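Fold and geometry: a report
Spelled out, the chains give:
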Amino acid sequence: MILPCFLAQNLVAGFAFGSFGPLLASTEQHFGVTRAVAATGMSLIMLAVGGLAPLLGGLLQKVSVRSAMIGAAALSAVGYLGLALLPSFGLALLMFAMIGTGVCLLAILGPLTLVSRWFISGQAKVLSIVNLPIALFVTPFIVAELLPEYGRFPVLGGIATIFLLLIPVLLLIVEYPGRIGQNPRGTNMDPGGASAQGTAGDRQLSTREILASPPFWLLSLAIGMISGSGIAFLVHIVPFGMERNLSLQAASGLLSVYAGAGIFGTLLVGWITDRIGPPSTLALATLCAGLVWWGLLYVTGLPLFALAALMGMCVVPVTTMHGAALSRLVGAASISRAMGISYAIVLPFIFGFAPLVGFLFDQADGYRLPFLVTAGLLAIACLCSVLMIFAVSKQKQIFEAVVGQT
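As a starting point, this report considers the structure included with it. Bear in mind the structure is a predicted one, so any value in this text is a computation, not a measurement.

Here the focus is the overall build of the protein chain. For the protein chain, the helix and strand inventory stands at 17 helices and zero strands. By the compact-globule yardstick of 22 Å for 406 residues, the protein chain fits well, its C-alpha radius of gyration being 21 Å. The C-alpha extent of the protein chain, read off along each of the three principal axes, is 65 × 50 × 30 Å. Here the protein chain holds 406 residues, and the buried ones make up 52% of them. For the protein chain, the computed accessible surface area is about 17,300 Å², with 69% contributed by carbon and sulfur atoms. Within the protein chain, the 12 negative side-chain charges are centred at a point lying 10 Å from the centre of the 17 positive side-chain charges.

So this is what it looks like as structure tokens:
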């Protein structure tokens, strides 16, 4: 079950976010648009992910996850083939929206739903394996090598073909362990955890019940702030590095260090989460990320790369922390709907953080104020995580009291 989830998540996220930058100039030339217009394709991808997540999350509670993921793979193939063949950028925007739909189902909702059904203990560790950003790390280099040699159509056509080849792998998916006579892994390893998980998953929570949960809002806000800070880091760290007397190549290396450390950080966070719990791990990650933003203002040279690596270890695993925490809160039966709603809450942070940092930079004529503001917001995210620990504990006490009376 891990294999199809790992391949689906890696391929769709790696191609969507790893190929966009290297293909940007080619997109601009192919459609005859400006760089700013061509860049709106990424906005369409993110809008499709955040905008459709609540709808698709609810849909996955009613339809087969395997069928939805196969459909998303086919939709992604059509999207990339359309980008290679269509002459109109207006139609290309529709293709980007299709790709975003594929990202939503193949990278976020589908794998998380399946992992929640198949694993009770060790969920975070499994999610860390599924979400390892290996394809995201290597795709920019591969596309940059192939594009000048072979051109735009073979690259995009090759990506579309890979998604078609993914479909037979997705056919291996089994919706529930019980369908092949198995139990979720870890059912008997942690009776308390299994009981709580099973209780949460006995029925599907309504949208109103999910939105009425204080821990859900605290989690979504904390995830939104740390995710937004990660986008801001990706956008602003290269010009910041150049302000610190690094060359363009050396400053770009900060991004490579960030992404490479994120691979290790994803595994580490999965291991930590299974031992101290998702809220505590999120509190630790947000606190560490906030300190890194503050520390960036006081270092130059090699320490910048060390802080970039630490940032990657804190921020890149955010999907793993998000999924593990939400799975504990709502259970397997409601995870897809809850993740869809949560992503809609997170989306404004993803869109708003980088422009906010840019606006504050223009106002203050430097990065000191925006970096301090970002560090302050991450401190708030850490507080949300700590409050979530107490809120979850209170809910557990209420639940145990009700069970005792029964």
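Having put the structure on the table, let's press on.
Under the definition given, this model contains two cavities of 30 Å³ or more. Here the largest cavity is characterised by a volume of approximately 100 Å³. The wall of the largest cavity is formed by 13 residues, among which Ser19, Phe20, Leu23, Leu83 and Phe96 lie closest to the centre. Breaking the lining of the largest cavity down by element, the ones donating at least two residues are α1 (2-18), α2 (20-31), α4 (65-85), α5 (89-118) and α8 (152-170). Volume-wise, the second largest cavity comes out at about 50 Å³. Those elements that provide at least two residues to the lining of the second largest cavity are α5 and α15 (318-330). Looking at the lining of the second largest cavity element by element, the count peaks at four residues for α5. Here the residues of the lining of the second largest cavity sort into six nonpolar, three polar and no charged.

In this structure, Tyr80, Leu106, Phe163, Leu170, Trp293 and Leu296 are the most contacted members of the largest nonpolar core, which totals 123 residues. At 17 residues, the largest contribution of residues to this core is made by α5. With sequence-adjacent residues up to four places away left out, tryptophan 293 is seen in contact with Ser229, Ala232, Phe233, Met311, Phe371, Thr374, Ala375 and Leu378.

One non-glycine residue, asparagine 245, adopts positive backbone phi at about 70°. Position of asparagine 245 relative to the elements: it lies in the loop between α11 (214-243) and α12 (248-276). Residue classification places asparagine 245 among the exposed positions, given a relative accessible area of 73%. The backbone of aspartate 365 sits at a positive phi, close to 55°, despite the residue not being glycine. For aspartate 365, the location among the structural elements is in the loop between α16 (335-364) and α17 (368-405). Taking the relative accessible area as the measure of exposure, aspartate 365 reaches 69% and is therefore exposed.

To continue, consider the environment of valine 138. Looking at where valine 138 falls in the secondary structure, it is placed in helix α7 (residues 134-150). Look at valine 138 and you get partly exposed, because its relative accessible area is 33%. Valine 138 sits 124 residues away from glycine 14 along the chain, and the two C-alpha atoms are 8.1 Å apart.

About the cut-offs
- Residues numbered from 1 in each chain as written.
- Predicted model: local features only at pLDDT ≥ 70, side-chain atom pairs only at ≥ 80, totals over all residues.
- Heavy atoms only, no water.
- Helix = DSSP H or I, 4+ residues; strand = E, 2+ residues; numbered from the N terminus.
- Rg over C-alpha atoms; globule rule 2.2 N^0.38 Å.
- Buried < 20%, exposed > 50% of the residue type's maximum accessible area, 1.4 Å probe, protein only.
- Areas by Shrake-Rupley, 256 points an atom, 1.4 Å probe, with all protein chains shown as cover.
- Lys, Arg positive; Asp, Glu negative; His and termini not counted.
- Charge placed at Lys NZ, Arg CZ, Asp CG, Glu CD.
- 1 Å grid on protein atoms, 1.4 Å probe; cavity = no way out; pocket = protein on both sides within 12 Å on 5 of 7 lines; lining within 4 Å.
- Points joined across faces, edges and corners; volume = space filled by probe spheres on them.
- Nonpolar A, V, L, I, M, F, W, Y, C, P; charged D, E, K, R; others polar.
- Core = buried A, V, L, I, M, F, W, Y, C linked by side-chain atoms within 4.5 Å.
- Contact = heavy atoms within 4.5 Å.

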